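Each chain, letter by letter, is given below.
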Amino acid sequence: MKPRFSTLIILTLVVAAILTPFALSGVYIPLLRDRNFNALIVLQTDLYKLITGFVVLALVFFELALALRKRGRRWKIAVPGSILLWRSLHIFVGVALVATVLLHTGGAVGDNFNALFLWVFFGVALSALMGVVAETGILESSQKYFGLVPQSWQGLAKRFPKVSKGPLIRKLRAIWLSTHIILVSMFSVMLGFHIFVAFYFQ
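For clarity, every value in this text was computed on a predicted model and none was experimentally measured.

Caption draft 1: Highlighting the packing of helix α1 (residues 5-23) against helix α6 (residues 112-140). Remark: α1 packs on α6, axes separated minimally by 9 Å, with the N-to-C direction vectors making an angle of 160°. Regarding the angle of α1 to α6, the classification is roughly antiparallel. The crossing of α1 and α6 is left-handed. For the pair α1 and α6, contact is made by F5, L8, I9, L11, T12, V15, L19 and F22 and by L118, F122, L126, L129, M130, V132, V133, T136, G137 and E140, respectively. Among the residues forming the contact of α1 with α6, the class breakdown is 14 nonpolar, three polar and one charged.

Right under this line is the structure:
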């Protein structure tokens, strides 16, 4: 079953809440260091990083498997479930992955490569979520045609071309899905490098 627009809006708010500590890390990490240093030490121990890192890696592999399954209509191996089911799982697991990355990093953005790596990951998650929200909003809308100007502005709306749901969704998907795939490719390379560095310098 495909998530409804209202469900996707709630998931978007959940992701925004999960990302809030990263935006405030410059404030709360110094406070944590001053007032609850033991908690900060736990978040930075090798064992904690290792466990949460493997959970993140497992979710990443599961996400890749879901993405392949969604596009695997020609596979000879029959995998149960519809494309809508796998797409829904892909969305929910993606949100869980963002939450697990928060646990792994402790909300710290990091420096240099780690900061860039994290921002690429945010791009991966947000490009997909925003794209799916926009598509679902258009599909569930009672409007048949969409334009650059709201229909309530009748004088201006008549001067601008309108597009129906199908072509609009295809155009949007061409933009957000291409962006998502490019960012996933970058993320995959950076993840391999991150894992190599983490184990090489232990």
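Caption draft 2: Unusual backbone geometry, seen in detail. For N112, which is not a glycine, the phi torsion comes out positive at approximately 50°. Structurally, the position occupied by N112 is in helix α6.

Caption draft 3: Region of the structure containing the environment of L118. When you line up the elements, L118 lands in helix α6. In the structure, L118 is positioned 13 residues away from T105 in sequence and 9.4 Å away in space, judged by C-alpha atoms. Setting aside residues no more than four positions away along its own chain, L118 makes contact with F22, V101, T105, A108 and V109.

Caption draft 4: View of a nonpolar patch on the surface. Where nonpolar side chains cluster on the molecular surface, the patch consists of L47, L50, I51, F54, V55 and F199 and spans about 560 Å² of accessible area. The leading source of residues in the nonpolar patch is helix α4 (residues 46-70), at five residues. The residue F199 is located in helix α8 (residues 165-200) in this model.

Caption draft 5: A look at α1. If you check α1, its first and last C-alpha atoms are 26 Å apart, about what 19 residues at 1.5 Å a residue would give, namely 27 Å. Residues of α1 that are buried include every one of L8, L11, V15, I18, L19 and F22, and no others.

Caption draft 6: A look at the pattern of salt bridges. For the structure on display, the rule yields two salt bridges. Salt-bridge contacts for R173 lead to E135; the nearest nitrogen and oxygen are separated by 2.6 Å. Placement of R173 in helix α8 and of E135 in helix α6 is noted, with a sequence separation of 38 residues between them. The structure contains a network of salt bridges with shared partners spanning R87, E135 and R173.

Parameters and conventions
Residues numbered from 1 in each chain as written. Predicted model: local features only at pLDDT ≥ 70, side-chain atom pairs only at ≥ 80, totals over all residues. Heavy atoms only, no water. Axes fitted to C-alpha atoms, helices over the stretch in contact; angles between N-to-C directions. Helix = DSSP H or I, 4+ residues; strand = E, 2+ residues; numbered from the N terminus. Parallel < 35°, antiparallel > 145°, perpendicular 65-115°, else oblique. Left-handed = near helix turned anticlockwise from the far one by under 90°. Contact = heavy atoms within 4.5 Å. Nonpolar A, V, L, I, M, F, W, Y, C, P; charged D, E, K, R; others polar. Patch = residues over 30% accessible without salt bridge, like charges linked within 9 Å, V, L, I, M, F, W, Y side chains within 5 Å. Areas by Shrake-Rupley, 256 points an atom, 1.4 Å probe, with all protein chains shown as cover. Salt bridge = Lys/Arg side-chain N within 4 Å of Asp/Glu carboxyl O. Expected span 1.5 Å × (residues − 1). Buried < 20%, exposed > 50% of the residue type's maximum accessible area, 1.4 Å probe, protein only.

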